[in-house]
Amino acid sequence: MGIIDLRSDTMTKPTDAMRRAMAEAQVGDDVFGEDPTINRLEEMASERLGKEAALFVSSGTMGNLVSQLAHCGRGDEIILGSHAHTFFYEQGGSAAVGSIHPRTVPNQPDGKLALEDIEMAIRGDNIHFPRTRLILLENTHNICNGCPLDIDYMRAVGEIARRHKLKIHVDGARFFNAAVALGVEPKALAADADSVSFCLSKGLAAPVGSVVCGTQDFIDKARRARKVVGGGMRQAGILAAAGIISLNEMVRRLAEDHANAKKLAVGLAETPGLSIDPDRIHTNIIFFEVTHADMKPEQFVQQIETEGVRMLPVGGQKVRAVTHYHITSADIDRALEVISKVMG
Ligand SMILES: Cc1ncc(COP(=O)(O)O)c(C=O)c1O
């Protein structure tokens with residue numbers, strides 16, 4: 001029996017169609033703008049998100065970093081969530097590389113930043129203050145149970161940003177999961193954002209890559225920023241070819257991952273010694289707590305691993321599980337059987 005690996009949707013391996021497309025991809029030097037496959041991927045991405053232009057980058061982290069570098073100057077401030085991936089898991093690149101000052105406000109349980117908290121965090125014109133330049137949102141929100149931010153919320157933040165002449169960047173590592181879960185067009189969800197970075201290498205199953213979308217002027221700046229962080233790739237059309245399959249074939253199946261995550265959450269909620277509210281699960285990410293008096297999350301994870309099920313302990317009582325392309329409904333049944341045996 002195979003391993004059921006629920007640690008992350010980054011575990012996905014390229015599909016057969018991707019491997020074929022990669023082998024056959026037409027390539028050129030992308031730093032010269034001459035890779036036809038990358039150019040095609042960038043056109044497709046900007047079209048899907050309703051933006052003027054796009055830029056292929058090596059990772060979600062690079063997408064967020066070059067976006068911040070393009071929007072902000074040295075000493076500028078960004079407002080972002082206290083649980084934002086960019087704040088938590090990207091080595092503080094905003095400050096370390098960009099000299100950009102991060103100002104966190106609390107993430108609500110649904111991944112939003114309260115509108116009044118955003119307003120309060122925006123700096124006035126004062127010689128003592130850094131200049132607020134950017135609001136950075138995350139959609140879906142990883143640590144907040146993969147919650148999607150909806151169009152109404154995006155509009156409300158957009159209104160604040162326009163009023164204060166700020167930009168909005170969306171860390172949309174799982175942006176298409178959000179659009180699918182909300183049943184909206186990606187371009188409608190992206191409309192209030194000045195830039196969106198989305199990952200091809202997570203639920204969309206490509207081996208490498210993310211795409212940043214925005215205005216032509218923003219993408220020109222992001223392209224320069226990509227070069228200075230060493231992200232100018234050459235015949236990377238081999239990678240972009242897989243990304244094209246991601247957009248053409250993998251978006252439409254994301255609803256399956258969401259249904260499997262919900263099924264897993266419902267099963268976990270019925271398991272004594274575990275705690276989760278399945279109503280809070282809308283996409284492919286689940287966090288639950290191991291509340292059993294005699295079981296630590298690390299032990300739980302070790303024990304299910306010996307039975308072929310992998311999950312990720314993430315600190316405190318919490319464990320994370322993420323559904324993806326290689327996880328079937330039958331795998332969820334088996335994972336729940338294993339968990340019930342371990343907890344029984
Ligand atoms: C919300 C979010 N943003 C950004 C990233 C960074 O992506 P990468 O690992 O490709 O750098 C991740 C990775 O898991 C993520 O979950």
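Here we summarise the structure given alongside this text. (Residues numbered from 1 in each chain as written. Predicted model: local features only at pLDDT ≥ 70, side-chain atom pairs only at ≥ 80, totals over all residues. Heavy atoms only, no water.)

Quick look at the nonpolar core
The biggest cluster of nonpolar side chains holds 55 residues, and the ones touching the most others in it are F56, L137, F198 and V211. With seven residues, the single largest contributor to this core is helix α11 (residues 237–250). When sequence neighbours within four positions are dropped, the list of residues in contact with F198 reads A45, L49, G172, A173, F175, F176, S210, V211, C213 and L247. (Core = buried A, V, L, I, M, F, W, Y, C linked by side-chain atoms within 4.5 Å. Buried < 20%, exposed > 50% of the residue type's maximum accessible area, 1.4 Å probe, protein only. Helix = DSSP H or I, 4+ residues; strand = E, 2+ residues; numbered from the N terminus. Contact = heavy atoms within 4.5 Å.)

A short note on the packing of aromatic side chains
In the structure shown here, the tally under the stated rule is four aromatic pairs. Seen from their ring centres, F88 and Y89 are 5.4 Å apart, and the 55° between their planes marks the pair as tilted. Take F88: its relative accessible area is 44%, and that puts it in the partly exposed class. Given the relative accessible area of 47%, Y89 is considered partly exposed. Between F288 and F300, the aromatic rings sit 5.7 Å apart at their centres with planes inclined by 80°, giving edge-to-face as the arrangement. (Phe/Tyr/Trp six-rings, centres within 6.5 Å; stacked < 30°, edge-to-face > 60°.)

Overview of the site of the ligand
Taken together, S59, G60, T61, N64, H85, E90, E138, N142, D171, A173, R174 and K202 are the residues near the ligand. At 2.9 Å from an oxygen atom of the ligand is found a side-chain nitrogen or oxygen belonging to N142. Contact between the ligand and D171: a nitrogen atom at 2.7 Å from a side-chain N or O atom of the residue. Notes on the ligand: free accessible area 390 Å², of which the protein chains cover 84%. In terms of residue count, helix α3 (residues 60–71) provides more of the shell around the ligand than any other element does, three residues in total. (Near = heavy atom within 4 Å. Polar contact = N/O pair within 3.5 Å; in protein donor to acceptor, adjacent residues only side chain to side chain. Areas by Shrake-Rupley, 256 points an atom, 1.4 Å probe, with all protein chains shown as cover.)

Some remarks on the pairing of strand β7 (residues 195–199)
By the criterion of burial, β7 is predominantly enclosed, with five of the five residues buried. A two-sided burial pattern is seen for β7, the buried positions comprising S195, S197 and C199 on one face and V196 and F198 on the other. Across four bridges, the pairing between strand β6 (residues 167–172) and β7 is parallel. Bridge assignment links V170 to a residue of β7, and that residue is V196. (Pairing = 2+ DSSP bridges.)

Concerning the layout of surface pockets
Estimates place the volume of the largest pocket at around 410 Å³. Lining of the largest pocket is provided by 20 residues; of these, I143, N145, R280, F287 and K318 occupy positions nearest its centre. Element by element, the count of residues in the lining of the largest pocket is highest for strand β10 (residues 285–290), at three residues. In the lining of the largest pocket, the residues fall into ten nonpolar, six polar and four charged. There is about 240 Å³ of room inside the second largest pocket. Around the second largest pocket, the lining is made up of 20 residues, and of these H85, A173, R174, C199 and K202 lie nearest the centre. (1 Å grid on protein atoms, 1.4 Å probe; cavity = no way out; pocket = protein on both sides within 12 Å on 5 of 7 lines; lining within 4 Å. Points joined across faces, edges and corners; volume = space filled by probe spheres on them. Nonpolar A, V, L, I, M, F, W, Y, C, P; charged D, E, K, R; others polar.)

Some points on the sheet that holds β6
Whenever strands of a sheet pair, they do so through backbone hydrogen bonds, lying parallel or antiparallel. The seven strands are arranged β2-β8-β7-β6-β5-β3-β4 in an open sheet whose pairing can be described as mixed. At either margin of the open sheet sits one strand with a lone partner, and together these are β2 (53–57) and β4 (101–105). On average, each strand axis in the sheet is inclined to that of its neighbour by 20°, with strand direction left out of account. Contacting β2, β3 (77–81), β5 (132–138), β6, β7 and β8 (210–214), α3 runs over the sheet at an angle of about 175° to β6. Running over the sheet, helix α10 (residues 216–228) touches β2, β7 and β8 and is turned about 20° from β2. (Axes fitted to C-alpha atoms, helices over the stretch in contact; angles between N-to-C directions.)

Some remarks on the pairing of β3
With five of five residues buried, β3 lies mostly within the body of the structure. Strand direction decides the pairing type here: β3 and β4, joined by five bridges, are parallel. The partner of L80 across the bridge, within β4, is T104.

Brief notes about a nonpolar patch on the surface
Taken together, the side chains of F87, F88 and Y89 make up a nonpolar region of the molecular surface, amounting to roughly 320 Å² of accessible area. Within the element layout of this structure, Y89 appears in the loop between α4 (85–88) and α5 (93–96). (Patch = residues over 30% accessible without salt bridge, like charges linked within 9 Å, V, L, I, M, F, W, Y side chains within 5 Å. Salt bridge = Lys/Arg side-chain N within 4 Å of Asp/Glu carboxyl O.)

Quick notes on the sheet that holds strand β13 (residues 318–322)
Pairing is antiparallel across the open sheet formed by four strands, whose spatial order is β9-β10-β13-β12. The strands lining the two open edges of the sheet, one partner per strand, are β9 (274–275) and β12 (312–313). Examined bridge by bridge, β10 and β13 share five bridges and lie antiparallel to one another. Considered in β13, the bridge of I285 is made with V322. The strands touched by helix α13 (residues 297–306) within the sheet are β9, β10, β12 and β13, with β13 carrying the most contacts at an inclination of about 40°.

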